[in-house]
Amino acid sequence: MTQPNLLSTAQLAQSLLLLRQQAPLVHCMTNDVVQTFTANVLLALHASPAMVIDAEEAAQFAGFADALLINVGTLTRDRRDAMLAAVQAAQKAGTPWTLDPVAVGALTLRTEFCQQLLGLHPAAIRGNASEILALANQATGGRGVDSLHQADAALSAAQQLARDYDTVVAVTGEVDYVTDGTQTLAIPGGSPLMTRVVGTGCALSAVVAAFTSLPGERLLHVAAACRVMSLAGEITARQVEGPGSFASAFLDALWTLEMTV
Amino acid sequence: MTQPNLLSTAQLAQSLLLLRQQAPLVHCMTNDVVQTFTANVLLALHASPAMVIDAEEAAQFAGFADALLINVGTLTRDRRDAMLAAVQAAQKAGTPWTLDPVAVGALTLRTEFCQQLLGLHPAAIRGNASEILALANQATGGRGVDSLHQADAALSAAQQLARDYDTVVAVTGEVDYVTDGTQTLAIPGGSPLMTRVVGTGCALSAVVAAFTSLPGERLLHVAAACRVMSLAGEITARQVEGPGSFASAFLDALWTLEMTV
Amino acid sequence: MTQPNLLSTAQLAQSLLLLRQQAPLVHCMTNDVVQTFTANVLLALHASPAMVIDAEEAAQFAGFADALLINVGTLTRDRRDAMLAAVQAAQKAGTPWTLDPVAVGALTLRTEFCQQLLGLHPAAIRGNASEILALANQATGGRGVDSLHQADAALSAAQQLARDYDTVVAVTGEVDYVTDGTQTLAIPGGSPLMTRVVGTGCALSAVVAAFTSLPGERLLHVAAACRVMSLAGEITARQVEGPGSFASAFLDALWTLEMTV
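A quick note: this is a predicted structure, and the numbers were derived from the prediction, not measured. (Residues numbered from 1 in each chain as written. Chains lettered and ligands numbered in written order. Predicted model: local features only at pLDDT ≥ 70, side-chain atom pairs only at ≥ 80, totals over all residues. Heavy atoms only, no water.)

A. Spotlight on the sheet that holds strand E1 (residues 5–6) of chain B. All names here are of chain B. Reading across the sheet, the nine strands line up as E1-E9-E8-E7-E6-E5-E4-E2-E3 and stay open at both edges, with mixed pairing between neighbours. Edge positions in the open sheet fall to E1 and strand E3 (48–50), since each of these has one partner strand only. With three bridges connecting them, strand E2 (residues 25–29) and E3 associate as parallel partners. Within E3, the position partnered with Val26 by the bridge is Pro49. (Pairing = 2+ DSSP bridges. Helix = DSSP H or I, 4+ residues; strand = E, 2+ residues; numbered from the N terminus.)

Listed below in structure tokens is the structure:
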């Protein structure tokens, strides 16, 4: 297993510049709790969010969009069907799509659905250690999650997932790891306060989706997505005292980030 | 075609005063992304929002409410049926209803539904140039949207729509135009930062709905709705540096607007 | 009828300390408008929110969670069925569940559902005076709501409900009353600005749900939940000028509340 590398500041600046130039249209099929914050994060980065959720409309829209996000946080059977239609249309149109397997493992409907989605060529997967372990665990038919040391085990699981499904996996936590199964980057930074604002992880997945639409090396762009968010988190944490003011200052930090890279 | 006029400050003050006095109950059937911001915008203006979405309950509620908003941003088949039931109940009860045809034109389900709704006597329609062009285009069986110069074409389309359906149409952008097909008002102002905060347009439609409930000339009240939002946007843009702080300062500006008119 | 007592500062501090230590996982089945704010309020109090809404998943999750919230604000038939499945699973697992009967009385679907839910042993009920009166009215087959003086009548209705269903009822307004039908506590405080921020009442219900999971006397813990929110409201109202800045400052106040008790 290769040692994780750091992302260079030059690469970060280049990916962010490209994102702002391209201003991708990101089709978000995400959970009820984080819709507004997700849209505002994308807008602050000069991308365009669009939430289209009906099965037929979502399939139509996945063809126009530059990227698609599937987040199973508040899955229902109807939403599953609409998401599947959108993923299939995205594949057909060559639109990259990103999976956020929220709380996979514990709940049957989403676990089965995420396993099904793994076979449909996600461009990227973004989850926390438990989620990545749960995804990989079922994929390889194996071990219990709770008995493992999370950070190490999740990195190894992420690398395995990336190789098995030819995708880029971001496993996020105190340090984020981004891997294509061969190369791995470590992204430090962020702030503990980010865990006290709902939707920071889910919004990161939308940002990952936005960055998958860029030309160039996807592994580096996904790492840049993680670093953009962790950097904005660090800047914000120096300015605020609580999670309420964090949420709005974080959006301002994303908006002005080009000046600080 | 008559030249657009400006809205007088006296009329703006009168409409806003009336809104605060009447504090209308606005039944919002709107998209998933903007629910919270829409409710907070109405509350900041002393109106009362209520989101009731089940078909049967929505039909019951449309009878109690002072105004109804239909926003098709995250339409599904079930929501379409519930919205239709609410609009029919609103019509029966004499409750004015407002249409926000989000992304109409590009997506089949909502395009067909909005065309159907046009025949059900909306009190007002609020959309951006592309949406108003798409609505009018289908109504008159005609031209492609992309080849047109947006601002001019949308004004003309808005005037045609207003005449065809005996309604007030607000087409919003850098300058907003509000027309009943005979008279047209131009509403300048606002801030580019408003396009970086999700829901400002959708919330404006809810404010338009609130103002349609007022006694007096509807054209002027709808113009006042647009000006209330653009004025609060201007005030806010002078105070903040990014879209995160914009959203909360904007609500504060609406709350204190009576002192600045 | 006993006279309401005040909650002691010592009891408030003890309940809040216990909440932070236990950091309960609160399963929220709540309305579309308040999801984000509800989650952020729980996070600011060091609790963990989880919104799981599919009928099958919700029933699974109600077994893991420390508490369940049912809020009928944007009820649909599908959501009713999912909520019922979750409540039944919660009962089986011994997970306490809290009812927020938003706008009960006026609308048939939710009124019938809330009446059904009353028979399923809620640990707590949190509503405004009209809602508590409507719930009790149907339960006892009686009086019209509009003709009553709200505060007094609702207190008596709350006490009756608490006795009839062996639960704790919080009826909130300028002064909140919390009763188990025998003892009643009065919770003053808060701020009128709270009524201009959508979701403060709904989030209080989620906080009540969180506090029902704590060991010890439930009546006192529910009263502490109300006081935590009213105290944060008072602190916030001294710092801000409008409802937009209120929402974020309120979360910061909850986050730092341990220092001010």
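B. Molecular detail of the interface of chain C and chain A. In this complex, chain C contributes 22 residues to the contact, which on the side of chain A involves 23 residues. For the pairing of chain C and chain A, the buried interface totals around 2,000 Å² over both sides, and the portion due to carbon and sulfur atoms is 53%. Of the charged contacts in the structure, one is a salt bridge between Asp54(C) and Arg77(A), with a shortest N-O distance of 4.0 Å. Scanning the region where chain C abuts chain A turns up nine residue pairs in polar contact (both at pLDDT 80 or more). For the side of chain C that touches chain A, the elements supplying multiple residues, two or more each, are helix H2 (35–44), helix H3 (55–64) and helix H10 (243–255) of chain C. With six residues, the top contributor of residues to the side of chain C that touches chain A is H2(C). In terms of residue class, the side of chain C that touches chain A is made up of 11 nonpolar, seven polar and four charged. (Contact = heavy atoms within 4.5 Å. Buried area = accessible area lost by both parts, 1.4 Å probe. Salt bridge = Lys/Arg side-chain N within 4 Å of Asp/Glu carboxyl O. Polar contact = N/O pair within 3.5 Å; in protein donor to acceptor, adjacent residues only side chain to side chain. Nonpolar A, V, L, I, M, F, W, Y, C, P; charged D, E, K, R; others polar.)

C. Spatial organisation of the confidence of the model for chain A. All names here are of chain A. When the pLDDT values of chain A are averaged, the result is 92; 92% of them are 70 or greater. pLDDT under 50 marks residues 139–149. Its contacts with residues more than four places away, or in other chains, come to 12 contacts. Our summary of model confidence lists the complex with pTM equal to 0.95 and ipTM equal to 0.94. (pLDDT = per-residue confidence, 0-100.)

D. Highlighting the pairing of strand E8 (residues 176–179) of chain C. Residues and elements named next belong to chain C. Here strand E7 (residues 168–172) pairs with E8 via three bridges, running antiparallel. Within E8, the residue paired with Ala170 across the bridge is Val178. As defined by bridge partners, E8 adjoins strand E9 (residues 184–187) across four bridges and the pair is classed as antiparallel. By the bridge assignment for E9, Asp176 is matched with Ile187. Between E8 and E9, which pair antiparallel and follow one another directly, the connecting turn spans four residues, one of which, Gly181, has a positive phi of 95°.

E. Representation of the relation of the copies chain B and chain C. Rotating chain B by 120° and moving it 0.0 Å along the rotation axis overlays it on chain C with an RMSD of 0.0 Å. Both copies of the chain, as the preceding transformation shows, are related through a three-fold rotation axis. Considering only C-alpha atoms, the part of chain B nearest the rotation axis is Asp32(B), at 4.1 Å. (Least-squares fit on C-alpha atoms with pLDDT ≥ 70 in both.)

F. Summary view of the UniProt feature "binding site: ATP" (unreviewed entry) in chain A. Residues and elements named next belong to chain A. When the UniProt feature table is mapped onto this chain, "binding site: ATP" (unreviewed entry) is found at Arg126 and Thr172. Spanning 47 residues, the named residues nonetheless gather at one spot, since no C-alpha pair among them exceeds 7.3 Å. Considering the arrangement of structural elements, one finds Arg126 in strand E6 (residues 124–128). Given the relative accessible area of 6%, Arg126 is considered buried. Side-chain polar atoms of Arg126 contact the backbone oxygen of Gly201, separated by 3.0 Å. Of note, Thr172 is situated in strand E7 (residues 168–172). Residue contacts for Thr172: discarding those within four places in its chain leaves Arg126, Gly127, Asn128, Ala129, Leu204 and Cys226. (UniProt positions renumbered as here; feature names shortened; annotations may be inferred. Buried < 20%, exposed > 50% of the residue type's maximum accessible area, 1.4 Å probe, protein only.)

G. The arrangement of the nonpolar core in detail. If you look at the biggest cluster of nonpolar residues, it comprises 201 residues, and the most contacted ones within it are Val41(A), Leu254(A), Val41(B), Ile70(B), Leu254(B) and Ile70(C). Leave out the neighbours within four places in its chain, and Val41(B) touches Ala203(B), Val207(B), Met229(B), Phe250(B), Leu251(B) and Leu254(B). Membership of the second largest hydrophobic core comes to 61 residues, among which are Val41(C), Leu193(C), Ala223(C) and Ala249(C). (Core = buried A, V, L, I, M, F, W, Y, C linked by side-chain atoms within 4.5 Å.)

H. Examining empty space enclosed by the protein more closely. Evaluation of the coordinates by the stated rule reveals five cavities of 30 Å³ or more. Quantified by volume, the largest cavity comes out at close to 660 Å³. As for the largest cavity, its lining consists of 31 residues, of which Thr36(A), Ala247(A), Thr36(B), Ala247(B) and Ala247(C) are closest to the centre. Elements with a minimum of two residues in the lining of the largest cavity: helix H2 (35–44) and helix H10 (243–255) of chain A, helix H2 (35–44) and helix H10 (243–255) of chain B together with H2 and H10 of chain C. Here the residues of the lining of the largest cavity are counted per class, giving 18 nonpolar, 12 polar and one charged. (1 Å grid on protein atoms, 1.4 Å probe; cavity = no way out; pocket = protein on both sides within 12 Å on 5 of 7 lines; lining within 4 Å. Points joined across faces, edges and corners; volume = space filled by probe spheres on them.)

I. Looking closely at the side chain of Glu131(C). You can see Glu131(C) is positioned in helix H6 (residues 129–140). At 5.0 Å, Arg126(C) is the nearest oppositely charged side chain to Glu131(C), a buried residue that forms no salt bridge. (Lys, Arg positive; Asp, Glu negative; His and termini not counted.)

J. Here's a closer look at helix H8 (residues 200–212) of chain A. Residue and element names in this part refer to chain A. Its 13 residues place the ends of H8 18 Å apart at the C-alpha level, agreeing with the 18 Å of an ideal helix rising 1.5 Å per residue. In terms of burial, H8 is a largely internal element, 12 of the 13 residues being buried. The set of residues buried in H8 consists of Thr200, Cys202, Ala203, Leu204, Ser205, Ala206, Val207, Val208, Ala209, Ala210, Phe211 and Thr212. (Expected span 1.5 Å × (residues − 1).)

K. Quick look at the pattern of salt bridges. Enumeration according to the criterion identifies 21 salt bridges over all chains in this entry. In this structure, the salt-bridge partner of Arg77(C) is Glu56(B), at a minimum N-O distance of 2.5 Å. Within this pair, whereas Arg77(C) is found in helix H4 (residues 77–93), its partner Glu56(B) is found in helix H3 (residues 55–64), the two belonging to separate chains. Relative accessible area serves as the criterion here: at 35%, Arg77(C) is assigned to the partly exposed category. On the basis of relative accessibility, which here comes to 39%, the residue Glu56(B) falls in the partly exposed class.

L. Seen up close, the UniProt feature "binding site: substrate" (unreviewed entry) in chain A. Residues given the UniProt feature "binding site: substrate" (unreviewed entry) here are Met51(A) and Gly199(A). The residue Met51(A) is located in the loop between strand E3 (48–50) and helix H3 (55–64) in this model. Excluding residues within four positions of it along the chain, Met51(A) makes contact with Cys28(A), Gln35(A), Thr38(A), Ala39(A), Val33(B), Gly73(B) and Thr74(B). Here Gly199(A) lies in the loop between strand E9 (184–187) and H8. Judged by its relative accessible area of 7%, Gly199(A) falls in the buried class. What Gly199(A) contacts, discounting residues up to four positions off in sequence, is Val34(A) and Phe37(A).

M. Broad picture of the interface of chain B and chain C. Contacts between the two partners involve 21 residues from chain B, matched on the other side by 23 residues from chain C. Of the roughly 2,000 Å² buried where chain B meets chain C, counting both sides, 53% is carbon and sulfur surface. Of all residues in chain B, Ile53(B), Glu57(B) and Trp255(B) bury the most surface against chain C, accounting for 26% of the area lost on that side. Counting across the interface, chain B meets chain C through three salt bridges. Seen at the junction of chain B and chain C, the total is nine residue pairs in polar contact (both at pLDDT 80 or more). Those elements giving two or more residues to the side of chain B that touches chain C turn out to be H2, H3 and H10 of chain B. Ranked by the residues each element gives to the side of chain B that touches chain C, the list is headed by H2(B), at six residues. Class assignment of the residues belonging to the side of chain B that touches chain C gives a composition of 11 nonpolar, six polar and four charged.

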